[in-house]
Structure formats: C-alpha cells, structure tokens
Amino acid sequence: MPNLIIQHSEPPRAFLLPLLCSLSEPQQRHALNVVGALLAHGNKHKTLTALTAMLRLSHANHFALADFFRQSPWCPVAARHAILSAQMAAIGRLMRAGGQARPIVFLSVDDSLAVKDVATRALQAVTFHHDHVAQRRQSGRYTNAARYVTVSAHLNGFSFPLTWRLYLSARQVRRLNRTRTGDDRLTYRRLIALVIDMLDEVASLMPTGQRVYVLFDSWHASAELMNAIWQRGWRFICAVKRNRALSGSPVSTYWRTLSRQRIQCVTVNKAQGSHTYHTRFTSGRLRGFPHPVGVVFSKRHPRQARAAYFVTSDTRLRAQTILRYYAIRWQAETDNFLLKQRLGLADFRLHSVEAARRWFALVFAACAFIRAHRRGLARTARPAQTVVSRCDCRAATLASRTPDCVRG
C-alpha cells in the first residue's frame, strides 16, 4: 500500500517552519508538502506529479506546486541562510555537550553532478560537464547534468550539510543571458569563488578560536583556495595531482627521491573494515602558497606504479593522522548519496535556473531534517491521537537503515 500524507506530523513542522519564516503562509504550506512528500516517498523518481499523488490535502495540486517553484516570488537564499544558521547552532550545542575539550570541526568541500538524460535540453540549469566517473559519462568525457558544490561539517561522527551553490558554466551563463535583460541577467562565478563565498558564510558563524580543518580533493586544490583558508586561521588537508610542483619538482618524482626513507604502513578505517597504505612523508612549498606544507605519498602496495598525494598546511601532523583526517571527507559522499538517490535532488523538471535553485533549497532542507533526526536534535514529540503522515517515519528509516557503506 503506498504511503499517503493526510496531515503533516509535528517533528517536520517544528524543524522546517523556522527555516521557512521568510515565506508567506500559503508558500509554507507548499514547502511543507514538498518536503514531507520527499521524506515519505520511497520510489526512485520524485517528480512533482509523483509527490502530489501522495498528498491527501485539500490544497495539494501538482500545477500549484509547479507554480510555487516557477512563479511564486520567494528567494531560496533566505532559506539557505536559515539552514546554515540552524546547522551551526546544532554544532554549537554538540560542542557544549562535549564539555571543556573543544572538538575539531572538519569542513568538506565537494562538487557533484545531478545527472539528467543525455537528450535533456530544455532545463536551463542543465548542460554538459566534465565527469571524472568514467562509467557515468554520456558523451566522451562529459555528462549532461546540473552541477552543484557543497560545504558540509563533520563533528563527532555526525554530518551537517551546511550550504551549497548551483554552478553555471561561463558558456551556460552567456547563452542564458541572450534572452534576459536587466536584473534577470545572470552573473558568472568561478567554482573556487563560490567555495570561498560559502566558507566566508560558515566563518561568520564559527566560534572564535575554533580548530577547523578544510578537506577537499585535487579538483579544488588551487593556491587561491589554500590562501583563503589560511587567512581565516584554519588549516587544510587535500589531495593534489601528480604534476603539482613541490619545491620546484613534480610530486610524482618524490617517491624515488625518498627511496632511502623507510616506508611507514598506515591503517585507515573504512566504511567496511580497514585498509593498510604504504606511505612516505616530506615537507616543502607549493607554488602560490607561501607557507610550508607537509606531503604524504601513499600507495596501496610498495610496487604500485603511481602514488596518491595528500597535502596539509599543518606540518605538525604525521602521515597516519593526515590520512585518517582526510578519510572523514567520505561523509560528504554519503550526503550526496542521500541527496540524489533518496531525496531526488536530480529529479527536478523545472525550466528556469531560479526554479531549480528553489528545488535545491527544499531538498537540502529535507536532508538537514534527516541528519538532525539522526542526531536527536530535532523535536520528536508527537501530538496525541493524531493521524500521522509517514514523513517522520521515513526520515527515521533513512537515518537508521542507510547501509554502512554509505552511512554519514
């Protein structure tokens, strides 16, 4: 029997309504309908028609929901800021619960593709992007998708999806601006600039003196981002490509240069079991970043042809600590799994960029509720003798029954 929503239960309302305070009352009803249906819907595709089919409410209509995204005058930026503030408040509560010792906060930067069909052309937020996942590529090295970048926080084993941005390529912005005038015209922002903007937002709410490590992969390992992180008093751990120059020489040449250094075996816990890596360590300077860095060269086996390279601005850390900290970044991948596979982030069928941004805002609000439900920071009291919708039960299921290999 399919899940049907005949009344919104208290936990989602108590968590979501403060995040949607900038919306009018009718807009809040539509937003609750969408988020509640996303939480309760168990099928693969979460289109507006499929979501509306679950709603047994007098004001639920898929045409009205479509207009809510396409024409209703509400700004997703306010909802995004409210979600960030709520998540940072939850981090503060978790820190205070830990006592005097202030734990380390890890921030993960990650971009991902919300993949669409190769023939999709009418959606403004969708275009062909380079895809590093070879099995997913649709045309050469490219995949038709909407690209977004996120910043997530990780603390004491919990994940907090903080903020996000929808990325539009320069060619995409030029094409869309041909039919736009005045304030409707879009402004191109580089991916690194979007990441720095998000870190600025997080920094404004982070407690002074908090120890923070920013984790990112080699696609974001630019000197501009490294310097921006350093200026905030934070430290970073990232992967770099094999041609990155360390003290004037490519990092790929250092494994042989350090051949007299004893190989250190480092065991890192994974989602299932653990794995031992063979590492060497050195320090030096990267071009464009004026401060010394520590570099770990890691191989699965000493005779493996190529190593993986990890850089940190905290030269006090050793190889085992660097790899253990960097492994925390995997929780950002579990957030993407939850967003795309369970909550339907890629299932939008909305023409304009503005409508797609509104869809993203509500999907991230649903994700924030699931993570808060798992932490026990959301209100869980049920009203007595109420016919309950299935969205809070579905949220508990998503939080507790996610396979270990993808659990955040």
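Residues numbered from 1 in each chain as written. Predicted model: local features only at pLDDT ≥ 70, side-chain atom pairs only at ≥ 80, totals over all residues. Heavy atoms only, no water.

### Considerations on the overall build of the protein chain
The helix and strand tally for the protein chain stands at 13 helices and twelve strands. Across the 408 residues that make up the protein chain, the buried fraction comes to 54%. Sequence-distant contacts in the protein chain: of pairs separated by 6 or more residues, those separated by 24 or more amount to 66%. Roughly 19,300 Å² of accessible area belongs to the protein chain as shown, and the carbon and sulfur atoms make up 49% of that amount. (Helix = DSSP H or I, 4+ residues; strand = E, 2+ residues; numbered from the N terminus. Buried < 20%, exposed > 50% of the residue type's maximum accessible area, 1.4 Å probe, protein only. Contact = heavy atoms within 4.5 Å. Areas by Shrake-Rupley, 256 points an atom, 1.4 Å probe, with all protein chains shown as cover.)

### Thoughts on the layout of surface pockets
Once rolled over the atoms, a probe with the size of a water molecule shows which space is left empty. Considered as a void within the structure, the second largest pocket measures approximately 740 Å³ in volume. Forming the boundary of the second largest pocket are 26 residues, of which Asp110, His132, Val133, Asp217 and Trp219 lie nearest the centre. Considering every element that reaches the lining of the second largest pocket, the biggest residue donor is helix H11 (residues 330-342), with five residues. Residues belonging to the lining of the second largest pocket are distributed by class as follows: eight nonpolar, eight polar and ten charged. (1 Å grid on protein atoms, 1.4 Å probe; cavity = no way out; pocket = protein on both sides within 12 Å on 5 of 7 lines; lining within 4 Å. Points joined across faces, edges and corners; volume = space filled by probe spheres on them. Nonpolar A, V, L, I, M, F, W, Y, C, P; charged D, E, K, R; others polar.)

### Thoughts on the nonpolar core
Formed by 56 residues in total, the largest nonpolar core has its most connected members in Leu16, Phe69, Leu343, Phe348, Trp359, Phe360 and Leu362. Counting residues per element, this core draws most heavily on helix H12 (residues 353-375), at 16 residues. Once residues lying within four places of it in the same chain are set aside, the contact partners of phenylalanine 360 are Tyr148, Trp164, Leu166, Leu345 and Phe348. Leu84, Leu94, Val105 and Leu194 belong to the second-largest nonpolar core, a separate cluster that totals 50 residues. (Core = buried A, V, L, I, M, F, W, Y, C linked by side-chain atoms within 4.5 Å.)

### Some remarks on helix H4 (residues 62-70)
What H4 keeps buried is the set Leu65, Ala66, Phe68 and Phe69. The buried residues of H4 occupy one face: seen down the axis, they fall within an arc of 155°. Those residues of H4 hidden inside the fold are in contact with helix H2 (25-40), helix H3 (48-52) and H12. A distance of 2.8 Å separates the backbone nitrogen of phenylalanine 63 from a side-chain oxygen at the start of H4, and that oxygen is part of asparagine 61. (Arc of directions from axis to C-beta. Polar contact = N/O pair within 3.5 Å; in protein donor to acceptor, adjacent residues only side chain to side chain.)

### Some details on the packing of aromatic side chains
Within this structure, the stated rule accounts for 18 aromatic pairs. Here the aromatic rings of phenylalanine 68 and phenylalanine 69 are separated by 5.2 Å at their centres, their planes lie at 65°, and the arrangement is edge-to-face. As far as the burial class goes, phenylalanine 68 and phenylalanine 69 line up, both buried. Relative to phenylalanine 297, the ring of tyrosine 254 has its centre 5.9 Å away and its plane inclined at 15°; by these criteria the two rings are stacked. Of this pair, tyrosine 254 sits in helix H9 (residues 254-257) while phenylalanine 297 sits in strand S11 (residues 289-299), and the two are 43 residues apart along the sequence. For the pair tyrosine 254 and phenylalanine 297, a shared accessibility class is recorded, and that class is buried. (Phe/Tyr/Trp six-rings, centres within 6.5 Å; stacked < 30°, edge-to-face > 60°.)

### Considering the pairing of strand S12 (residues 308-312)
Taken across its five residues, S12 has four buried, putting it largely inside the fold. As paired elements, strand S6 (residues 235-240) and S12 share four bridges and run antiparallel to each other. Note that in S12 the partner of alanine 239 across the bridge is phenylalanine 310. Sheet topology note: the S11/S12 ladder contains five bridges and is antiparallel. Looking at S12, one finds that valine 296 is bridged to phenylalanine 310. (Pairing = 2+ DSSP bridges.)

### Concerning the pattern of salt bridges
Enumeration over the complete set of coordinates arrives at 14 salt bridges. Notably, a salt bridge pairs glutamate 201 with arginine 165, separated by 2.6 Å at the nearest N-O pair. Taken together, the residues glutamate 201 in helix H7 (residues 191-205) and arginine 165 in strand S4 (residues 158-167) connect sequence positions 36 residues apart. You can call arginine 165 buried: its relative accessible area is 11%. (Salt bridge = Lys/Arg side-chain N within 4 Å of Asp/Glu carboxyl O.)

### Examining a positive patch on the surface
A surface patch of positive charge is lined by Arg171, Arg174, Arg175 and Arg178. Mapped onto the fold, arginine 178 is located in the loop between helix H6 (170-177) and H7. (Patch = residues over 30% accessible without salt bridge, like charges linked within 9 Å, V, L, I, M, F, W, Y side chains within 5 Å. Lys, Arg positive; Asp, Glu negative; His and termini not counted. Charge placed at Lys NZ, Arg CZ, Asp CG, Glu CD.)

### A few points about the packing of H2 against H12
Where H2 meets H12, the closest approach of the two axes is 10 Å, and the angle between their N-to-C directions is 55°. Comparing the axis directions of H2 and H12 gives the class oblique. Where H2 crosses over H12, the two elements pack in a sense that is right-handed. In contact with Ala31, Val34, Val35, Leu38 and Leu39 of H2, H12 contributes Trp359, Leu362, Val363, Ala366, Phe369 and Ile370. A breakdown of the residues in the contact of H2 with H12 according to their chemical character gives eleven nonpolar, no polar and no charged. (Axes fitted to C-alpha atoms, helices over the stretch in contact; angles between N-to-C directions. Parallel < 35°, antiparallel > 145°, perpendicular 65-115°, else oblique. Left-handed = near helix turned anticlockwise from the far one by under 90°.)

### Description of the confidence of the model for the protein chain
When the pLDDT values of the protein chain are averaged, the result is 86; 90% of them are 70 or greater. Counting interchain partners and residues more than four positions distant, the pLDDT-below-50 stretch residues 378-393 has 35 contacts. Taken together, the stretch residues 400-408 has pLDDT below 50 and engages in 19 contacts with residues farther than four places along the chain or on a different chain. (pLDDT = per-residue confidence, 0-100.)

### Considering the environment of leucine 107
Relative to the helices and strands, leucine 107 resides in strand S1 (residues 105-115). Through-space distance from the C-alpha of leucine 107 to that of valine 212 is 7.3 Å; in sequence the pair is 105 residues apart. Excluding residues that lie within four positions of it along the chain, leucine 107 makes contacts with Val151, Ser152, Ala153, Leu162, Leu199, Val202, Val212, Tyr213, Val214, Leu215 and Trp234.

### Re a nonpolar patch on the surface
Among the surface-exposed residues, Val118, Phe128 and Tyr142 lie close enough to one another that they form a single nonpolar patch of about 240 Å² accessible area. Mapped onto the fold, phenylalanine 128 is located in strand S2 (residues 127-130).

### Comments concerning unusual backbone geometry
The phi dihedral of asparagine 156 is positive, around 55°, even though this residue is not glycine. One can find asparagine 156 in the loop between strand S3 (142-155) and S4. In this model, serine 247 sits at a positive phi of 50°, which is unusual for a non-glycine residue. Position of serine 247 among the secondary structure elements: in the loop between strand S7 (245-246) and strand S8 (249-250).

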